[in-house]
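Residues per chain are reported as follows:
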Amino acid sequence: MPHQVSLGDDDTAVRRIRRELARLEALARRRRMRTWIARVTRGLAGAGGSFAVMVKLKVAGSLGGKLVLAALVGLGVALPMVVLGVLALAVLVLAIVQCDPGGGSDCPGDCGRRNARRERLTGLIDERVSWLASRDGPAPCRAPDRDRARARRRRWE
């Protein structure tokens, strides 16, 4: 959802910020679309695979039972946070009844880095929208990370 800011004059800084804002919002939209497609694909693959295994091994008695179990596995593969929430609820219930389910594990991979990138993108979008609305002070910096990346490349050359 692009931000609509009505402005009277179009100097170069305003045009540049509008262009950057449109580019940043397009990046955010593409990231949301990739996330959605990945979740749907993982969910369908998980559901299909688990259904095939249940049919082959005759895990559930009826076709309906197999479909329900396959859907639950597919949901777990597509939305791991839902499964983590259910597991957290199960751990809470087990803790209440004095059962020790064992230790938990941290987030594998680089979950913090992805969240930091998403927050940075949101911050850049908000910064440009607020500057376009108020135009207080100088225009936001073009791309400070590009300058740092260029400096890093120069060091290695």
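Here is a short report on the structure shown in this document. (Residues numbered from 1 in each chain as written. Predicted model: local features only at pLDDT ≥ 70, side-chain atom pairs only at ≥ 80, totals over all residues. Heavy atoms only, no water.)

1. Describing the nonpolar core
1) Next: One finds V14, I17, L21, L24, A28, L121, L124, I125, V129, W131 and L132 forming the largest nonpolar core, which totals 11 residues.
2) Next: Of all the elements in the fold, those that place two or more residues in this core are α1 (12–57) and α4 (111–134).
3) Next: Looking at which element gives the most residues to this core, the answer is α4, with six residues. (Core = buried A, V, L, I, M, F, W, Y, C linked by side-chain atoms within 4.5 Å. Buried < 20%, exposed > 50% of the residue type's maximum accessible area, 1.4 Å probe, protein only. Helix = DSSP H or I, 4+ residues; strand = E, 2+ residues; numbered from the N terminus.)

2. Some details on the environment of W131
1) Next: Here W131 is to be found in helix α4.
2) Next: Using a relative accessible area of 9% as the deciding quantity, one classes W131 as buried.
3) Next: Separated by 114 residues in the primary sequence, W131 and I17 place their C-alpha atoms 8.6 Å from one another.
4) Next: Apart from the residues lying within four places of it in its own chain, the contact partners of W131 are A13, V14, I17, D136, G137, P138, A139 and P140. (Contact = heavy atoms within 4.5 Å.)

3. Notes on the packing of helix α2 (residues 63–78) against helix α3 (residues 80–96)
Each pair of packed helices gets described by two things: the angle between the helix axes and the distance between those axes.
1) Next: Relative orientation of the contacting elements α2 and α3 amounts to 110°, with a least axis distance of 5 Å. It follows from the interaxial angle that α2 and α3 lie roughly perpendicular. Judged by residue contacts, L75, G76, V77 and A78 of α2 engage P80, V82 and V83 from α3.
2) Next: For the contact of α2 with α3, the per-class residue count stands at six nonpolar, one polar and no charged. (Axes fitted to C-alpha atoms, helices over the stretch in contact; angles between N-to-C directions. Parallel < 35°, antiparallel > 145°, perpendicular 65-115°, else oblique. Nonpolar A, V, L, I, M, F, W, Y, C, P; charged D, E, K, R; others polar.)

4. Topic: the packing of α1 against α2
1) Next: It is at 7 Å that the axes of α1 and α2 come closest, and there the two elements cross at 145°. Between α1 and α2 lies a crossing whose hand is right-handed. Seen from α1, the contacting residues are R39, R42, G43, G46, A47, S50, F51, M54 and V55; seen from α2, they are L63, K66, L67, L69, A70, V73, G74, V77 and A78.
2) Next: When its residues are assigned to classes, the contact of α1 with α2 shows 11 nonpolar, four polar and three charged. (Left-handed = near helix turned anticlockwise from the far one by under 90°.)

All we've got here are geometric facts, nothing functional implied.
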